[in-house]
Amino acid sequence: MPENTIGQAQCRFFRTRIYNGTNIDAQFANSLQGSCPASGGDNNLSPLDSTPTRFDGAYFAKLMSRRGLLHSDQELFNNGTTDRIVRGYSINPRLFSADFARAMVKMGNLGPLTGTIGQIRQNCRRISLVTTMVVVMGLVLAAGVNCQQLSPFFYFRTCPQALPAIRAAVFAAVAQEPRMGASLLRLHFHDCFVNGCDGSVLLDDTPTMTGEKGSLANANSARGFEVIDSIKSAVDRPCGGSVVSCADILAVAARDSVVALGGASWPVQLGRRDSTTASKDAADTNLPSPFSSLATLISSFQRKGLNARDLVALSGAHTIGQAQCRVFRTRIYNDTNIDTLFASSLQGSCPASGGDNNLSPLDRFTPTRFDGAYFGNLMSRRGLLHSDQELFNNGTTDQIVRAYSFNPRLFSADFASAMVKMGNLSPLTGTNGQIRQNCRRISVLSVLVVVMGLVFASSSGVTCQQLSPSFYFRTCPRALPVIRREVFSAVAREPRMGASLLRLHFHDCFVNGCDGSVLLDDTPTMTGEKNSLANANSARGFEVIDSIKSAVDRACGGSVVSCADILAVAARDSVVALGGPSWRVQLGRRDSTTASKDAADNNLPSPFSNLATLISSFQSKGLNARDLVALSGAHTIGQAQCRFFKTRIYNDTNIDPQFASSLQGSCPASGGDNNLSPLDSTPTRFDGAYFAKLMSRSSSTMERRIRYINPRLFSADFSRAMVKMGNLSPLTGTNGQVRQNCRRVN
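Residues numbered from 1 in each chain as written. Predicted model: local features only at pLDDT ≥ 70, side-chain atom pairs only at ≥ 80, totals over all residues. Heavy atoms only, no water.

### Some points on the environment of T285
Okay, step 1: In this structure, T285 sits in helix α12 (residues 280-286).
Okay, step 2: Its relative accessible area of 60% is what places T285 among the exposed residues.
Okay, step 3: The sequence separation of T285 and A101 amounts to 184 residues, and the corresponding C-alpha distance is 37 Å. (Helix = DSSP H or I, 4+ residues; strand = E, 2+ residues; numbered from the N terminus. Buried < 20%, exposed > 50% of the residue type's maximum accessible area, 1.4 Å probe, protein only.)

### Looking at the packing of helix α14 (residues 308-315) against helix α19 (residues 398-406)
Okay, step 1: Closest axis-to-axis distance for the α14/α19 pair is 10 Å, and the angle between their directions is 45°. One way to sum up the angle between α14 and α19 is to call them oblique. Seen along the crossing, α14 lies across α19 with a hand that is right-handed. On α19, the residues touching A308, R309, V312 and A313 of α14 are I400, V401 and Y404.
Okay, step 2: Residue composition of the contact of α14 with α19, by class: 6 nonpolar, no polar and 1 charged. (Axes fitted to C-alpha atoms, helices over the stretch in contact; angles between N-to-C directions. Parallel < 35°, antiparallel > 145°, perpendicular 65-115°, else oblique. Left-handed = near helix turned anticlockwise from the far one by under 90°. Contact = heavy atoms within 4.5 Å. Nonpolar A, V, L, I, M, F, W, Y, C, P; charged D, E, K, R; others polar.)

### Remarks on the side chain of S538
Okay, step 1: In this fold, S538 is placed in the loop between α23 (496-509) and α24 (542-556).
Okay, step 2: Reaching out from S538, the side chain makes a polar contact with the side chain of R503 at a distance of 2.9 Å.
Okay, step 3: Leaving out residues up to four positions away in the same chain, S538 has contacts with R503, Q641, R643 and F644. (Polar contact = N/O pair within 3.5 Å; in protein donor to acceptor, adjacent residues only side chain to side chain.)

### Remarks on the nonpolar core
Okay, step 1: Counting 73 residues, the largest nonpolar core has L185, L187, L202, I228, I231, L391 and F415 as its most contacted members.
Okay, step 2: Excluding residues that lie within four positions of it along the chain, L202 makes contacts with L187, K213, F225, I228, C246, L250, R436, C439 and R440. (Core = buried A, V, L, I, M, F, W, Y, C linked by side-chain atoms within 4.5 Å.)

### A short note on the pattern of salt bridges
Okay, step 1: The final tally for this structure, using the stated rule, is 36 salt bridges.
Okay, step 2: Between D687 and R685 there is a salt bridge, with the nearest N and O atoms lying 3.3 Å from each other.
Okay, step 3: Owing to a relative accessible area of 48%, R685 belongs among the partly exposed residues under this scheme.
Okay, step 4: Connected through salt bridges with shared partners, the residues D204, K213, E226, D229 and R440 form a single ionic network. (Salt bridge = Lys/Arg side-chain N within 4 Å of Asp/Glu carboxyl O.)

### Focus on the packing of aromatic side chains
Okay, step 1: Overall, the coordinates contain 29 aromatic pairs when judged by the stated rule.
Okay, step 2: Ring centres 5.7 Å apart and planes at 10° place the aromatic pair F686 and F714 in the stacked group. One end of the pair, F686, is in the loop between β6 (676-678) and α31 (689-696); the other, F714, is in helix α33 (residues 711-726), and 28 residues separate them in sequence. A single burial state applies to F686 and to F714, both of which are buried.
Okay, step 3: On the basis of an interplanar angle of 55° and a centroid distance of 5.0 Å, the ring pair of F686 and F718 is categorised as tilted. Placement of F686 in the loop between β6 and α31 and of F718 in helix α33 is noted, with a sequence separation of 32 residues between them. A single burial state applies to F686 and to F718, both of which are buried.
Okay, step 4: Grouped by ring-pair contacts, the aromatic residues W266, F370, Y374, F375, Y404, F411 and F415 constitute a single cluster.
Okay, step 5: Directly above the ring of F225 sits K213, whose terminal nitrogen or CZ lies 4.2 Å from the centroid.
Okay, step 6: Over the face of the ring belonging to F542 we find K530, whose NZ or CZ atom lies 4.2 Å from the ring centre. (Phe/Tyr/Trp six-rings, centres within 6.5 Å; stacked < 30°, edge-to-face > 60°. Lys NZ or Arg CZ within 6 Å of the ring centre and 35° of its normal.)

That is the geometry; function is a separate question.
The structure is reproduced here in structure tokens:
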């Protein structure tokens, strides 16, 4: 396993290999037999890799030298289908790092328990006793509709200009005053640590509320509020109103501040809403003090679900910005774990009495550059704050500080990860909170709007902009089994139908997003997509979708499942029915109320396109060349009409002549436009034969680079690309509708 580039294994797991294995280097085997005798010593350890405490790609080189410690390791490079991958990772460690990270995310999504399913254990070793009352309360709260999942694409449809507008405003503010980057980053931290990332730190006091601005940590210290006001105005203009929350503006501004000062970027999760209250007391209780001990800091972060590594990484934000004399005076006059020259150099601007607001940089050498110098300062006993130096003071976090000092990339990666983690602290989502028009004060919402929102939420199962495989888990758990049954039945009757249903989903998503628009019939006022060049007299399966819709509505007791979601699930189940891979379909799309023949003509790729046009077409949808090749693999099933391949078999030069001749009988030079030929030699089995056909006569640079010699690789890439395509501009929340009849608008 790739994670075996670090760590050790017990003798009992590799004894058989070093004494009996044949695909093992003899010297390597002999070197291990001393610590792992033929009998006894079961728990003796040997490293899995020659660099067991460094996560690198050396493991793969060991496999290629027949020096894999475990039998299962060496099996990955033993004249099998994975040899090529091992060789690739050995030559290109960056490829391994990228694939490992992606696979870890993929594995981390295996069957998670979310929402009200499962529990948060008090002790990880045993199940917590949950009373019926707690469960019932959880269900009651769930009925209040709060989509707890954020998404980097939350504003993709409602205001795609939002993030560029924030970045431009932040970069301008930081260019004008570099210190502002640290101030904006600190605002986000102080927001999230007090009742979650909800923009409460921005609220001014009112006659009935004392907010967080007057708390011990913020009074006469927190700054950047005018910049947030400016960003809010700049964002509301292109969005046509208050679409983006103040809480999200803080989160994005924090990221962009780090980038503006030379730090790493990360995808900011979005979809937070703004609080309608704030609390000075909560801020005083929750915000860590600069005078805290390590134990207090760790405890404070643990209460927020953040561990010691998150604490050290987030504290690395002190590589930028400045602090007031009042918060470090005690350290420079009284602390013993401080470099004396460093302390003396600060006492001039921070006298023993007075000068409370005088500033000194948190990182003396590079206070306007986001780097890892802060950790070097700690190791030299030059941390400005007492709480900073506590991170490197013969305690449990010393090794983390040391690691970040030696490896700035590790710090950047961990900082980004911890920022995402912190940004997920108790966000308000769904119908909770509001989107403020002015970040400093609560928006006045009429009772009618609130009541209508609650009514809508209870009646239609309001969703966030993020899709989820478990979307219908509560409202109609029978939906997916019913769709699968209907699809399997249709494909059993006519195997070609699997390809037709898969194609419908593709043609739906590529035209204004996955919204079921391809299913709409024309009306006197609308010419839909069915009559576009790619669909007219070609797209099929509409009756099957009608049948599935009726079956699902019966099971759900009404129109709960959208036609767009039925298309997405039917596409997956069609592939499975024909022997292909399965994947978790993201759900929660709603149906469009319009369709456009012109949009279909402009967006659907043509069968006559060249490679550059195809790549450009897919890139415009956020899909790369690998996605293009993988999704084109859908042509391993189904058939095509003569009119689409006539030019190829009579005029193209990059075609096998025997293959061309074999098709000319059923596809004459003139006429027979609707005659069918299979796209693949196994047109009713979802496999990789399509790629072998391309390789039999292909001069395409891309096809030479991405050859699916490994059908498992194709299956994995196809599944991933289908999920990616299925996320193209879905209608969610209150956008669109759930049609009662997939062919017409309600």
